[in-house]
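Read off the chains here:
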Amino acid sequence: MPLPPLERRPIVRPIYILALIAAAILVATYLVTGGGDVETLIASLMPQDNSNDQTTKQPQRADGYTGPNLTPKDVEKFQSAADKGDGYAQFRLGVIYEYGLGGYPKDTAAAARYYRLAADQGQWKAQYNLALFYESGRDGIPKDEVAAVKLLQLAAAQKDSYAQRDLAWYYRYGRGGLDKSESEAFRLYKLAADKGDAGARQALGDFYWNGLGGLAKDETEAVRLYRLAANQGDGEAEEELGWIYDNGGGGIEKDERQAVLHYKAGAERGNAGAEEALAWKYYQGQGGLDKDEAEAIRLLKSAADHGSSRAKVSVARAYLNGSASLPRNLLQAAYYYKWAAEDGDAIGQRMTAYMYLKGFGGLPQSETEAARLYRLAADQGDANAIDVLGDMTLNGQGDIAKDEVAARKLFEKAAAAGFAKASYDLGLMYDYGQGGLSQDHARALSLFKDAAAHGYDPAQDAVRRLDGLDDKP
C-alpha cells in the first residue's frame, strides 16, 4: 500500500539536474536520427540570456560559425579562441565536453575546467552551469553548496533568471552558507518570475499560498501563479493545482476528477509528487479512476526514479507485503528501502536497519550496521527507531554497550513521542525496577494501559496481570 498523500506536501527544490540528464538523452537521440542543427538544439537547452523582459538573446558562436553541424574542425576553432582567452569560446568548449559534441567524448572534468575559465571572465552561462556541477557533485566534482551559491550570486547579479530562481531557493531554506531569508528569496523569485521563469512562478505561488516572506496569505494569487507555471510546463505547479482541487481553496471547489487531470499532467512531466498522488488515486479508485494497483506501483516506481524517497518506501512496502499484482519479494524490498535510506529517509533507514538486524532481503546479518542505521533514523525523531535502540542498549547489541539507564531514557523519549511499544517497554522497567527506577506497579499499570489503548496487544496481558485479572474466567 502506498503512503497516503501528505496533508500539505512540503515544497522541495525542483531537481534541475534531471533536466540536464534529459537534455543529454535528447541530444543523443537527435544525433542518431539526423535531426538537423545540433548546435541550435544545444543552444536551446542552455540557459538563455533573459535579462531583458522583451527579448531573448540567443548565444552567438565565438567565431561566427552558423553551419548546420558541429565538426572537429569547428571545435578546433573554439579551442584556438579559448586558448587566446576568449571567455565565450571557453564556455562553448565546456558545453561541448559536457555533452560530448563534435566528435569529442564527454569529459566532465574538462567541461568544469572550461566553465571555470569562462566564469572567471564573467560569462554568466558558465557561472550557472558550473554552479549546477557543484550543486549535485558530478563525476569527480565535489558537491559544494557554498561554491554553488557564490557562482549563482555572480550570475544573478547579471540578471540571469535561472540563477535568481536557484539562489532564491538557497535563501529560502538557509543553505549554501546563507542565512535563511524568506524576504530575499521572495525578491529573487519575483525578479525571475517577472521574466517568465516557470519555476519561480511556482515558488511564488507557494509564498502566497502559505503567507511566507512577510506576505499576507493570498490563495487566489497563488492559484493564478500556479496556473501560469503549469501552462509553461512546470510539473510541480500541476501537482500543486491537483492538491488544491483535491482539497479546495483559492476560489476552487473540490473536484477529484480535475485533481486527477492535473496529477496526470504533472506525472507526464516527470514530477515525482504528482506521480505519487496519482498512484494513490489509482490505489483507492478515486477521481473517476478504476482501482488499479499495478498502475499505482508503476507510478510509484517512476516517482522513485525521479528522486522521491517516499515513493521508494512505498514500493519497498509493497514488495514486503506482496499482493495479487506484486508478489512478495524481500530482495526488492531491501533494495528500495536501502535506496530510500541512502537518501536520508528515516523510514528507509529504520527498515533497512531491521533487515540487517534479521539478515533479510539478501543483506548480511549485522547488528552493528543495524545500530548505525537506527541511530540515523532516531536522529530524525523516528520513535520506532528510538525504541529499538532502547532494546539494543538494554541487551548490549552491535557496538552498543549494555546500559539499563540509557535504555530507559530512550524508552522515555519514544513513549513521549506516542510510540505504544515504548510505553510497554518503559512499563516493564517500572514493573521490575530496572534502569535506575524504583519498582512501581501503579506506574507500570498506567503505561501498560496506555500501550494497550494504542493497539499494542502484548500490553493487554500485562494489564490483566497487574490488575489481578488473569485468574478470572
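Note that the structure is a prediction, hence the values are computed from the model and not measured. (Residues numbered from 1 in each chain as written. Predicted model: local features only at pLDDT ≥ 70, side-chain atom pairs only at ≥ 80, totals over all residues. Heavy atoms only, no water.)

K.L.:
Outline the overall build of the protein chain, supporting the account with residue identities and numerical values.
P.N.:
For the protein chain, the helix and strand inventory stands at 24 helices and zero strands. Put simply, the protein chain has 473 residues, and 50% of those count as buried. Considering only contacts in the protein chain between residues 6 or more positions apart, those separated by 24 or more positions represent 49%. (Helix = DSSP H or I, 4+ residues; strand = E, 2+ residues; numbered from the N terminus. Buried < 20%, exposed > 50% of the residue type's maximum accessible area, 1.4 Å probe, protein only. Contact = heavy atoms within 4.5 Å.)

K.L.:
Which residues make up the packing of helix 4 (residues 87-99) against helix 6 (residues 124-136), and what are the values?
P.N.:
Remark: helix 4 packs on helix 6, axes separated minimally by 9 Å, with the N-to-C direction vectors making an angle of 35 degrees. Seen from above, helix 4 lies across helix 6 with left-handed handedness. For the pair helix 4 and helix 6, the contacting residues are Y88, F91 and E98 in the first and K125, A126, N129 and F133 in the second. Counted by class, the contact of helix 4 with helix 6 contains four nonpolar, one polar and two charged residues. (Axes fitted to C-alpha atoms, helices over the stretch in contact; angles between N-to-C directions. Left-handed = near helix turned anticlockwise from the far one by under 90°. Nonpolar A, V, L, I, M, F, W, Y, C, P; charged D, E, K, R; others polar.)

K.L.:
Which residues make up the nonpolar core, and what values go with them?
P.N.:
In this structure, L93, Y115, L167, Y189, L278 and Y374 are the most contacted members of the largest nonpolar core, which totals 120 residues. Contacts of L278, omitting those with residues within four sequence positions, involve V260, Y263, K264, A267, L289 and L299. Counting residues in each nonpolar core, the second largest holds 16 residues, with F411, M429, A462 and V463 among its members. (Core = buried A, V, L, I, M, F, W, Y, C linked by side-chain atoms within 4.5 Å.)

K.L.:
Any chance you could break down the packing of aromatic side chains for me, citing the residues and the numbers?
P.N.:
A full pass over the atoms with the stated rule returns 20 aromatic pairs. With centroids separated by 6.1 Å and ring planes inclined at 35 degrees, the aromatic side chains of F91 and Y115 adopt a geometry described as tilted. Taken as a pair, F91 in helix 4 and Y115 in helix 5 (residues 108-120) lie far apart in primary sequence, 24 residues in all. Relative accessible area serves as the criterion here: at 0%, Y115 is assigned to the buried category. Taken together, a centroid distance of 5.7 Å and an interplanar angle of 70 degrees make the contact between Y189 and F207 edge-to-face. Of this pair, Y189 sits in helix 9 (residues 182-194) while F207 is found in helix 10 (residues 198-210), placing the two residues 18 residues apart along the sequence. Side by side, Y189 and F207 carry an identical accessibility label, which is buried. One cation-aromatic arrangement involves R165 over Y162; the distance from NZ or CZ to the ring centre is 5.0 Å. (Phe/Tyr/Trp six-rings, centres within 6.5 Å; stacked < 30°, edge-to-face > 60°. Lys NZ or Arg CZ within 6 Å of the ring centre and 35° of its normal.)

K.L.:
Got a sec to walk through the pattern of salt bridges? Specific residues and values, please.
P.N.:
Applying the stated criterion across every chain, the model contains 24 salt bridges. For D246, the salt bridge goes to K281, with nearest N and O atoms at 2.7 Å. With D246 in helix 12 (residues 235-247) and K281 in helix 14 (residues 272-284), this pair connects stretches of sequence that are 35 residues apart. Given the relative accessible area of 19%, D246 is considered buried. Counted as one network, the salt bridges with shared partners bring together D387, D391, K421 and D425. (Salt bridge = Lys/Arg side-chain N within 4 Å of Asp/Glu carboxyl O.)

K.L.:
Lay out helix 11 (residues 219-231) with the relevant residues and their values.
P.N.:
Its 13 residues give helix 11 an end-to-end C-alpha distance of 18 Å, which sits within 8% of 18 Å, the value for a rise of 1.5 Å per residue. Restricting attention to buried positions, one finds in helix 11 the residues A222, V223, L225, Y226, A229 and A230. Looking straight down helix 11, one finds that the buried residues subtend no more than 165 degrees of arc, so they occupy a single side. Seen from the buried face of helix 11, the exposed residues on the opposite side, beyond 90 degrees, are T220 and N231. Elements in contact with the buried residues of helix 11: helix 10 and helix 12. (Expected span 1.5 Å × (residues − 1). Arc of directions from axis to C-beta.)

K.L.:
Residues and numbers for the side chain of S423, please.
P.N.:
Mapped onto the elements, S423 comes out in helix 22 (residues 420-432). On the accessibility criterion, S423 (2% relative accessible area) is buried. S423 has contacts with A415, L447, D450 and A451, leaving out every residue within four places of it along the chain.

K.L.:
With reference to specific residues and values, describe the environment of T393.
P.N.:
Take T393: it is sitting in helix 20 (residues 383-395). When its relative accessible area of 6% is taken as the criterion, T393 is described as buried. Note: C-alpha distance between T393 and L410 (17 residues apart in sequence) is 8.8 Å. Beyond its immediate chain neighbours, meaning those up to four positions away, T393 contacts I400, A401, K402, D403, A406, A407 and L410.

K.L.:
Would you mind going over helix 5 in detail, with residue names and values included?
P.N.:
With 13 residues, helix 5 extends 18 Å between its outermost C-alpha atoms, agreeing within 8% with the 18 Å of an ideal straight helix rising 1.5 Å per residue. Those residues of helix 5 lying buried are T108, A110, A111, A112, Y114, Y115, A118 and A119. Packed against the buried residues of helix 5 are helix 3 (72-83), helix 4, helix 6 and helix 7 (145-157). One side-chain oxygen at the N-terminal end of helix 5 lies 3.2 Å from the backbone nitrogen of A109; it belongs to D107. Once helix 5 finishes, G122 follows within two positions and takes phi at roughly 90 degrees, a positive value. (Polar contact = N/O pair within 3.5 Å; in protein donor to acceptor, adjacent residues only side chain to side chain.)

K.L.:
Kindly report on the environment of G322, identifying the contributing residues and their values.
P.N.:
As for its position among the elements, G322 is in the loop between helix 16 (309-321) and helix 17 (330-342). Residue classification places G322 among the partly exposed positions, given a relative accessible area of 24%. With eleven residues separating them in the primary sequence, G322 and A333 have C-alpha atoms 9.8 Å apart. When neighbours within four sequence positions are excluded, G322 is seen to be in contact with P327 and R328.

K.L.:
Can you break down the environment of Y134 residue by residue, with the values?
P.N.:
Here Y134 is to be found in helix 6. Exposure remark for Y134: the relative accessible area of 17% places this residue in the buried category. A sequence separation of twelve residues divides Y134 from V146, and the C-alpha atoms of the two residues are 8.6 Å apart. Contacts of Y134, omitting those with residues within four sequence positions, involve R116, I141, P142, K143, D144, E145, A147, A148 and L151.

Purely spatial values, then, with no claim about function.
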